[in-house]
Amino acid sequence: MKNIRNFCIIAHIDHGKSTLADRLLEWTGTVDKRQMQDQVLDDMDLERERGITIKSHAIQMKYTYEGETYTLNLIDTPGHVDFSYEVSRSIAACEGALLVVDASQGVEAQTISNLYLAIGNDLTIIPVLNKIDLPGAMPEEVSDQIVELIGCKREDIIRASAKEGIGIDEILKAVVMRIPPPQGDPNGKLQALIFDSVFNSFRGIEVIFRVKNGTIRKGDKVKFVATGKEYIADEVGILKLQKEPREQIECGDVGYLISGIKQAREVKVGDTITHVQNPAEAIKGFEDVKPMVFAGIYPVETSEFEDLREAMEKLQLNDASLVWEPETSAALGFGFRCGFLGMLHLEIVQERLEREFDMTVITTVPSVQFKVYTTKGEEKLIQAPSDMPEPVHIEYIEEPFVKVQIITKAEYVGPIITLCMEKRGVIKNQVYLTTDRVELSFEMPLAEIVFDFFDKLKTISRGYASLDYELAGWRESDMVKLDIMLNGDTVDALSAIVHRKKAYEWGKRLCEKLKDLLPRQQFEIAIQAAIGQKVIARETVKALRKNVLAKCYGGDITRKRKLLEKQKKGKKRMRQIGTVEVPQEAFMAVLKLE
Ligand code: GDP
Ligand code: MG
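Keep in mind the model is a prediction, meaning the values are calculated, not measured. (Residues numbered from 1 in each chain as written. Chains lettered and ligands numbered in written order. Predicted model: local features only at pLDDT ≥ 70, side-chain atom pairs only at ≥ 80, totals over all residues. Heavy atoms only, no water.)

1. A word on the sheet that holds strand β8 (residues 204-213)
Under the convention used in this document: Two strands are counted as paired when DSSP detects at least two bridges linking them. Strands here are runs of E lasting at least two residues and helices are runs of H or I lasting at least four, both read from the DSSP assignment and numbered beginning at the N terminus. A fitted line through C-alpha atoms represents every axis, and for helices the fit uses only the stretch in contact; the resulting angles, taken between N-to-C directions, go from 0 to 180 degrees.
Reading across the sheet, the eight strands line up as β11-β10-β16-β7-β8-β15-β12-β13 and stay open at both edges, with antiparallel pairing between neighbours. Every other strand in the sheet has two partners, leaving β11 (230-232) and β13 (243-246) as the edge strands with one partner each. Neighbour-to-neighbour, the strand axes of the sheet open up by a mean angle of 40 degrees, direction not taken into account. Where strand β10 (residues 221-224) lies against β11, three bridges are found, and the strand directions are antiparallel. Within the sheet, the bridge partner assigned to Lys223 lies in β11 and is Glu230.

2. Let's talk about the environment of Phe336
As a reminder of what qualifies: Contact criterion: two residues are considered in contact whenever any of their non-hydrogen atoms come within 4.5 Å of each other.
By the secondary structure assignment, Phe336 is in strand β19 (residues 333-340). Along the primary structure Phe336 and Gly136 are separated by 200 residues, whereas in three dimensions their C-alpha atoms are 48 Å apart. If sequence neighbours within four positions are ignored, Phe336 has contacts with Ala295, Gly296, Ile297, Phe305, Leu308, Arg309, Met312, Trp324, Glu325, Pro326 and Glu327.

3. Brief notes about the side chain of Gln521
Tracing the sequence through the fold places Gln521 in the loop between α12 (500-517) and β30 (525-531). Leave out the neighbours within four places in its chain, and Gln521 touches Lys542, Ala543, Leu544, Thr579, Val580 and Glu581.

4. Observations regarding the pairing of β8
This is how it is decided: Burial classes: relative accessible area under 20% of the type maximum marks a residue as buried, over 50% as exposed, and values in between as partly exposed (1.4 Å probe, protein chains only).
Among the ten residues that make up β8, eight are buried, leaving the element largely enclosed by the rest of the structure. Where β8 and strand β15 (residues 254-258) come together, five bridges link them in antiparallel fashion. Bridge assignment links Arg210 to a residue of β15, and that residue is Val254.

5. Some words on the site of ligand 1
Where we set the bar: Being near a molecule or strand, for a residue, means having at least one of its heavy atoms within 4 Å of it. Definition of a polar contact: a pair of N or O atoms within 3.5 Å, with one able to donate and the other able to accept a hydrogen when the atoms are protein atoms, and with sequence-neighbouring residues admitted only if both atoms are side-chain atoms. Each accessible area is a Shrake-Rupley result for a 1.4 Å probe, and residues are judged covered by the shown protein chains and nothing else. Residues are grouped as follows: Ala, Val, Leu, Ile, Met, Phe, Trp, Tyr, Cys and Pro are nonpolar; Asp, Glu, Lys and Arg are charged; all remaining types, including Gly, are polar.
Around ligand 1 there are 15 residues in total, and Asp14, Lys17, Thr19, Asp133 and Ala162 lie nearest to it. At 2.8 Å, a backbone N or O of Asp14 approaches an oxygen atom of ligand 1. With respect to ligand 1, the backbone of Lys17 contributes an N or O atom lying 2.8 Å from an oxygen atom. Its free accessible area being 580 Å², ligand 1 has 82% of it covered by the protein chains. Ranked by residue count, the leading element in the shell around ligand 1 is helix α1 (residues 17-27), at three residues. In the shell around ligand 1, the residues fall into three nonpolar, seven polar and five charged.

Right under this line is the structure:
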């Protein structure tokens, strides 16, 4: 146990975590030249394409220093603001963290938020100044920022280039020397923290854990404390690039367990594994995930509802931050109301459902949660606009607010403040970190920030702004439900909850936008926006002149059917609502009105 080190790499996105992980794996000979590729741990196709880490990854390395061989368990984590939950789970399994800061960019918003997470979990921090090879690197200035931020000594900061392989051995030495070995009682009752799970279609669910006390052996009878379910540990092992079975995983170490678990809901990330005989209590895990954005997910083909449920269950195994429950929509039928960490998360879930599970799905208008206080004195948590009570029954509504931290260059302060005020934000603080770098603090409605705020911020600051936010509580707000009617029928899946001040403008623009998005059909489509009974805007989609079927007039029916079939295939993510066909983009239109 004294030769084990568990650590993670934390950083702002793109500061070089995954590349540094590559070098560490190479240096320690964990991955050989033949297997090596850039960002080797990002094994999901989606991660490779987008060049981002979505999931945390655990891998074990061996490193020899002064004649002693050490077991180093590395956990790579994502950096995007949407995925901080993955970071918090990894942190709970570690004693130390490499804090990577890009020498050409300096300290950014997620550098700070991830650092705070690590410090809150008592991790030893090793600051690493990365990308010193870049001509634009500012090692002195960024070192000052790091010293200021964590209160370390200047000489504690390791200068490195993950790309060029500079400073790698020094980092590994620091991991061994500075990070304490795990504590725990090897002879105590078994307590292992589940911090991740992976779905394997052949062998069932692989549970990734960190042993806090005791030892887990192959063949042990184990129990998951929260679910109370019992299993035989068919296989335990360590994680290299591939899984390597072992007879046992000792106290302090990280490993995986396979015991033929098929049901996703049996594995709860944050749960504790213990022995059936002589069981221990649950480890205090980490906070439950807090979804920020809610949206419905529906199969395009109504008959695929059960397939979608199965896909969601499997996906959830790989993505503990996805939450969902069944929901029905008058317009779309059976589907699921899902909670996401943010819009990137939503996009990724939708894309993974399509790629990994071959599902074609529609996601409905995303929304944050609202609290509605009714005239009867009830308090209702609303996750879908369709759950909103009638206006006459509403006493008042509260919406979630967030504390927002933005770090930017001095020249962008003006435009950023303007943007935040447009988004109903209130500036709370403005601190010059250096003569050119400013930290702005705002309070703002979550609803204004989760959708396209980040993109806007990036645009107006030419990329020189980083963002972080955390929930700050509920505030009363004058929100109304904006309904959309197509040919007189309200389409619940298109409703949105918006601020009253913005409602008229939104209704008008939304109708215009929908007019562009809805494909023309054989008949006219009336698009109306309404608040309660009151119609506030209207547009019309003209009827299609030329009948697509006209071509086949006189032709045989099979040809006609084939043509329709062909059209159906081409039309992905399109749902028939009443008589009107609504494409996926229509549900996202409300987010793109400005
Ligand atoms: P992550 O988001 O923190 O995992 O960052 P990545 O490891 O994916 O790196 C982001 C980008 O920075 C990639 O294009 C890397 O090639 C590049 N990068 C990483 N480390 C270095 C470095 O030390 N020097 C230079 N010049 N580029 C680097
Ligand atoms: Mg990465």
